[in-house]
Amino acid sequence: VSDMAFMDSIETVCEACGGLRYSNEVLQFKLKNLNIAQVMDLSAQKAYELFAGTIIAEKLEPLIKTGLGYIHLNQSLSTLSGGELQRIKLASFLREKGKIFILDEPTDGLHLKDIDRLISLFDTMVSAGNTIFLIEHNLEVLKSSDYVIEIGPGGGHKGGEVIFTGTPAQMQGAKYSVTAPYLK
């Protein structure tokens, strides 16, 4: 890829390898009947299964836990969405303990099943001694939070005031909470 600020990127396919990025000599080596190009084209989930019980599967597990099992090992980061990039970054910290994470709308655009997976992941991270601050509007995430700080009552110049602090259960009875009626 050639990047020139005043032109669109140009991609050309290598004539020697046909775009596989490996020499014919390297492509001759096989693992479970797959060459390196075929292995690298596997999804993280398929690679996790292929390498079950190995250090490679152990390294792929955080991608699976963050719901990114569908991405390919050779996938360019430039093809991923902002949410996917955020989850990759999160995956890189899953084994950490005693850390503080601040995430802005991590559920944005996710399927309900993936949101449930992410909530479970957050619970695991907190149980491991981490602290997570979320800027979030998703009600399922709010319901499963340990503590909520609601800022409002509106957005922009109509907001900016702390209108509630407490647990989700306490929020349901909060007099000035805009979110409380939706939690029921």
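Before reading on, note that the structure itself is shown above.
Residues numbered from 1 in each chain as written. Predicted model: local features only at pLDDT ≥ 70, side-chain atom pairs only at ≥ 80, totals over all residues. Heavy atoms only, no water.

**Student:** Got a minute to help me understand the overall build of the chain in this structure?
**Tutor:** Within the chain, the secondary structure is distributed over nine helices and four strands. Helices and strands in the chain line up, N terminus first, as α-α-α-α-α-β-α-β-α-β-β-α-α. Whereas a compact globule of 184 residues would reach a radius of gyration of roughly 16 Å, the chain reaches 22 Å, over 25% beyond that. Taken along the three principal axes of its C-alpha coordinates, the chain extends 70 × 50 × 30 Å. (Helix = DSSP H or I, 4+ residues; strand = E, 2+ residues; numbered from the N terminus. Rg over C-alpha atoms; globule rule 2.2 N^0.38 Å.)

**Student:** Is there a simple way to explain the side chain of Thr-179 in this structure?
**Tutor:** Along the chain, Thr-179 falls in the loop between α8 (168-171) and α9 (180-183). Not counting residues up to four positions away in its chain, the partners in contact with Thr-179 are Leu-139, Leu-142, Glu-150 and Met-171. (Contact = heavy atoms within 4.5 Å.)

**Student:** Honestly, unusual backbone geometry in this entry has me stumped. Any pointers?
**Tutor:** Note: most residues except glycine have negative phi, and most peptide bonds are trans. The step from Gly-152 to Pro-153 runs through a cis peptide bond, and the omega angle for that step is 5 degrees. For Pro-153, the position within the fold is in the loop between β3 (148-152) and β4 (161-166). Although it is not a glycine, Asn-33 sits at a positive phi angle of roughly 70 degrees. Here Asn-33 is to be found in the loop between α1 (24-27) and α2 (36-40).

**Student:** Is there a simple way to think about the pattern of salt bridges in this case?
**Tutor:** If the charged atoms of two oppositely charged side chains come close together, the side chains can form a pair. One pass over the structure, following the stated rule, counts five salt bridges. The salt bridge involving Lys-99 is made with Glu-96; its shortest N-O contact spans 3.9 Å. One salt bridge connects Arg-117 with Asp-114, and the closest N-O pair in it is separated by 3.0 Å. Highlighted residues: Arg-117 and Asp-114, both in helix α6 (residues 112-127), separated by three residues, approximately one helical turn. (Salt bridge = Lys/Arg side-chain N within 4 Å of Asp/Glu carboxyl O.)

**Student:** Just checking my understanding: could you explain the pairing of β3 for this structure?
**Tutor:** Within a regular strand, side chains alternate between the sheet's two faces. Only one face of β3 is buried: it carries Val-148, Glu-150 and Gly-152, and the other face, with Ile-149 and Ile-151, is open. With five bridges connecting them, β3 and β4 associate as antiparallel partners. Residue pairing across strands places Val-148 opposite Gly-166, the latter belonging to β4. (Buried < 20%, exposed > 50% of the residue type's maximum accessible area, 1.4 Å probe, protein only. Pairing = 2+ DSSP bridges.)

**Student:** Just to check I follow, could you spell out helix α4 (residues 55-65) for this structure?
**Tutor:** One full turn of an α-helix is made of 3.6 residues, so residues set three or four places apart face in the same direction. Turning to α4, its buried residues number three or more, namely Ala-57, Leu-60, Pro-62, Leu-63 and Ile-64. Buried residues belonging to α4 abut α3 (44-50), α5 (82-91) and α6. At the exit of α4 stands Gly-67, carrying a positive phi of roughly 80 degrees.

**Student:** Please explain the environment of Ser-78 as it appears in this structure.
**Tutor:** By the secondary structure assignment, Ser-78 is in the loop between α4 and α5. Within polar-contact distance, the side chain of Ser-78 engages the side chain of Ser-76 at 2.8 Å. (Polar contact = N/O pair within 3.5 Å; in protein donor to acceptor, adjacent residues only side chain to side chain.)

**Student:** What is the right way to read the packing of aromatic side chains from this model?
**Tutor:** The geometry of an aromatic ring pair is captured by two quantities: the separation of the ring centres and the angle between the planes. Scanning the entire structure with this criterion turns up one aromatic pair. Geometrically, the ring pair formed by Phe-93 and Phe-101 is edge-to-face, given 5.9 Å between the ring centres and 75 degrees between the ring planes. On the accessibility criterion, Phe-93 (28% relative accessible area) is partly exposed. (Phe/Tyr/Trp six-rings, centres within 6.5 Å; stacked < 30°, edge-to-face > 60°.)

**Student:** Hey, could you run me through α6 in this one?
**Tutor:** For α6, spanning 16 residues, the distance from its first C-alpha to its last is 23 Å, which sits close to the expected 22 Å at 1.5 Å a residue. By the burial criterion, the buried members of α6 are Ile-115, Leu-118, Ile-119, Leu-121, Phe-122 and Met-125. The buried residues of α6 all sit within an arc of 160 degrees when viewed along its axis, so they share a single face. Set apart from the buried face of α6 by more than 90 degrees, the exposed residues are Leu-112, Lys-113 and Ser-127. The secondary structure elements touched by the buried residues of α6 are α4, α5, β1 (100-104), β2 (131-135) and α7 (139-144). Downstream of α6 by one or two residues, Gly-129 has phi in the positive range, about 100 degrees. (Expected span 1.5 Å × (residues − 1). Arc of directions from axis to C-beta.)

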